[in-house]
Amino acid sequence: MQTQVKTWGNSQGIRIPREVLQEANITIDDMLDVKVSNGVIMLAKPFRHKPLEERAAEYGGQLNLDGEFDWGDQVGREIW
């Protein structure tokens, strides 16, 4: 697929087809990291930590944090 560099005000810009953005999971107003290496321009979504509310929403709002987890027998300085 090819695209063309065009004038955009006093700058230059390219248009990225909707299908490409959807495949890369990029939406309007997303921030992207721009890197250049050996004449190649790379765009990437930066890693972003999700707040607890977003993580809970991925599981239907249920985190199921009620209860204890068995990590196994105590060893070393864990014994008290």
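For the structure, see preceding data.
Residues numbered from 1 in each chain as written. Predicted model: local features only at pLDDT ≥ 70, side-chain atom pairs only at ≥ 80, totals over all residues. Heavy atoms only, no water.

Chemist: Looking at this structure, how should I read the pattern of salt bridges?
Modeler: Where charged atoms from two side chains of opposite charge come close, those side chains can pair. Taken as a whole and assessed by the stated rule, the structure comprises three salt bridges. For Asp30, the salt bridge identified is with Lys45, shortest N-O distance 3.3 Å. Of this pair, Asp30 sits in the loop between helix 1 (18-23) and strand 3 (33-37) while Lys45 sits in the loop between strand 4 (40-44) and helix 2 (52-58), placing them 15 residues apart in sequence. Taking the relative accessible area as the measure of exposure, Lys45 reaches 39% and is therefore partly exposed. In this structure, the salt-bridge partner of Glu54 is Arg48, at a minimum N-O distance of 2.9 Å. (Salt bridge = Lys/Arg side-chain N within 4 Å of Asp/Glu carboxyl O. Helix = DSSP H or I, 4+ residues; strand = E, 2+ residues; numbered from the N terminus. Buried < 20%, exposed > 50% of the residue type's maximum accessible area, 1.4 Å probe, protein only.)

Chemist: Looking at this structure, I do not really get the pairing of strand 4. What am I missing?
Modeler: In regular strands, side chains alternate between the two faces of the sheet. Both strand 3 and strand 4 contribute to a ladder of five bridges, which runs antiparallel. Directly across from Val36, in strand 4, lies its bridge partner Ile41. Hairpin remark: strand 3 followed by strand 4, antiparallel, with two residues in the connecting loop; positive phi at Asn38, about 55°. (Pairing = 2+ DSSP bridges.)

Chemist: Would you mind showing me how to read unusual backbone geometry here?
Modeler: Of note in the backbone geometry, Asn25 takes a positive phi value of approximately 60° without being a glycine. One can find Asn25 in the loop between helix 1 and strand 3. In this structure Asn25 comes out as exposed when scored by relative accessible area, which is 54%. Residues other than glycine seldom take positive phi values, yet Asp29 does so here, at roughly 75°. In this structure Asp29 comes out as exposed when scored by relative accessible area, which is 72%.

Chemist: How should I be thinking about a nonpolar patch on the surface in this particular structure?
Modeler: A surface patch of nonpolar side chains, about 900 Å² in accessible area, is lined by Met1, Val5, Ile14, Ile16, Val20, Val34, Val36, Ile41 and Leu43. Sorting the residues of the nonpolar patch by element identifies strand 3 and strand 4 as the ones contributing at least two each. Taking relative accessible area as the criterion, Met1 reaches 78% and is therefore assigned exposed. (Patch = residues over 30% accessible without salt bridge, like charges linked within 9 Å, V, L, I, M, F, W, Y side chains within 5 Å. Areas by Shrake-Rupley, 256 points an atom, 1.4 Å probe, with all protein chains shown as cover.)

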